Amino acid sequence: MNREKAMQIVKEQLPEKRYLHSVRVMETAVQLAERFQDDAKKAEMAGIFHDYAKYRPQEELKKIIEEQNMPKELLDFHSELWHGPAGAYLVEQEAGIADKDVLSAITYHTTGRQGMTQLEKIVFLADYIEPGRQFPGLDEVREAAKEDLDEAVLMALRNTISFLMSKRSTIYPDTFHAYNDLVKKTEE
C-alpha cells in the first residue's frame, strides 16, 4: 500500500488533530528507521496506522480482545491500552495490512514489551517524541534518539512509568518487562 492510500484510510478513522499526530508519528518513524538502518516502508505503515482504532468504541475493542484470544489481562488495565492490540487486528482486517512486523509495532506502540524488535522500538519512540508533543523530559529523549535507539526508548519507558506512578495509576506488566529488558541490554 502506498503512503497516500494509507493516509486516506487513516484520515477516515480519526479526528483531524489525531490524524495530524499520526502523520507526524509516521514521519518521525521514517526518520528513525533511516537513522538506525531499519525498513523505512514498514516504519511508515506502522506509524500512520498506529492509532487506527484509538476512537473506536470501547465495547468494540473489548470484544476484539476477547474474541481474538488476546491477553485477557489487558481488560484489567486502562482502556487506553486496548487500541494497540485491537487496532493491529483491525488494520489487518479492514486495511489489508498483513505484514507481521508492522502489526506487531502497532500492537506494542503504547506498552512496549520484553524483546522489542527494532521496528517496535522505532514506532514506540516515534509516538513519544513526534514534534507535536511537549512535556517534561521530552527534549532529553529526543536528544538521545539522535544517537542511541535503546537508550532513548529506555528513557521514554522510565518517564512513562514515573508519570503513571506519580498518578497512582496501574502499569501494564509489558511496560515493566520492556524497561527491565532494556536496562539489562544497555548494561551489557
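Everything that follows concerns the structure shown earlier in this document.
Residues numbered from 1 in each chain as written. Predicted model: local features only at pLDDT ≥ 70, side-chain atom pairs only at ≥ 80, totals over all residues. Heavy atoms only, no water.

### Topic: helix H2 (residues 16-35)
- An ideal rise of 1.5 Å per residue puts 28 Å on 20 residues; H2 measures up with 29 Å between its terminal C-alpha atoms.
- Among the residues making up H2, those that are buried are Arg18, Tyr19, His21, Ser22, Val23, Val25, Met26, Thr28, Ala29, Val30, Leu32 and Ala33.
- On its buried face, H2 is in contact with helix H1 (3-11), helix H3 (40-49) and helix H7 (118-129).
- Gln37 sits one or two residues past H2 and shows a positive phi near 50 degrees. (Helix = DSSP H or I, 4+ residues; strand = E, 2+ residues; numbered from the N terminus. Expected span 1.5 Å × (residues − 1). Buried < 20%, exposed > 50% of the residue type's maximum accessible area, 1.4 Å probe, protein only. Contact = heavy atoms within 4.5 Å.)

### Quick notes on the packing of helix H9 (residues 149-166) against helix H10 (residues 173-187)
- The N-to-C vectors of H9 and H10 enclose an angle of 140 degrees; their axes lie 9 Å apart at closest approach. In terms of axis orientation, H9 runs oblique to H10. The handedness of the crossing between H9 and H10 is left-handed. Seen from H9, the contacting residues are Asp150, Glu151, Val153, Leu154, Leu157, Arg158 and Ile161; seen from H10, they are Thr175, Phe176, Ala178, Tyr179, Leu182, Val183, Lys185 and Thr186.
- The residue inventory of the contact of H9 with H10, partitioned by class, reads 9 nonpolar, 2 polar and 4 charged. (Axes fitted to C-alpha atoms, helices over the stretch in contact; angles between N-to-C directions. Parallel < 35°, antiparallel > 145°, perpendicular 65-115°, else oblique. Left-handed = near helix turned anticlockwise from the far one by under 90°. Nonpolar A, V, L, I, M, F, W, Y, C, P; charged D, E, K, R; others polar.)

### Side note on the packing of H3 against helix H6 (residues 100-107)
- Two elements in contact, H3 and H6, have axes separated by 9 Å at closest approach and are oriented at 40 degrees. Considering the angle they form, H3 stands oblique to H6. Where H3 crosses over H6, the handedness of that crossing is right-handed. Between H3 and H6, the contacting residues are Lys42, Met45, Ala46 and Phe49 on the first element and Asp101, Val102, Ala105 and Ile106 on the second.

### Some remarks on the side chain of Asn159
- Topologically, Asn159 is positioned in helix H9.
- Taking relative accessible area as the criterion, Asn159 reaches 19% and is therefore assigned buried.
- Each residue touching Asn159, except ones within four places of it in the same chain, is listed here: Tyr128, Gly137 and Val141.

### What to know about the packing of aromatic side chains
- Per the counting criterion, the structure on display carries 3 aromatic pairs.
- Note on Phe77 and Tyr172: the rings are 5.1 Å apart at their centroids and 85 degrees apart in plane angle, and the pair reads as edge-to-face. With Phe77 in the loop between helix H4 (58-67) and helix H5 (83-95) and Tyr172 in the loop between H9 and H10, this residue pair connects regions lying 95 residues apart in the sequence. Each of the two residues, Phe77 as well as Tyr172, counts as buried.
- For the ring pair Tyr128 and Phe135, a centre distance of 5.1 Å and an interplane angle of 80 degrees mean the geometry is edge-to-face.
- The class for Tyr128 is buried, based on a relative accessible area of 11%. (Phe/Tyr/Trp six-rings, centres within 6.5 Å; stacked < 30°, edge-to-face > 60°.)

### Here we look at the nonpolar core
- Formed by 61 residues in total, the largest nonpolar core has its most connected members in Phe49 and Leu125.
- In terms of residue count, the dominant contributor to this core is H7 (8 residues).
- Excluding residues that lie within four positions of it along the chain, Phe49 makes contacts with Met1, Ala6, Ile9, Val10, Val91, Ala95, Ile97 and Ile106. (Core = buried A, V, L, I, M, F, W, Y, C linked by side-chain atoms within 4.5 Å.)

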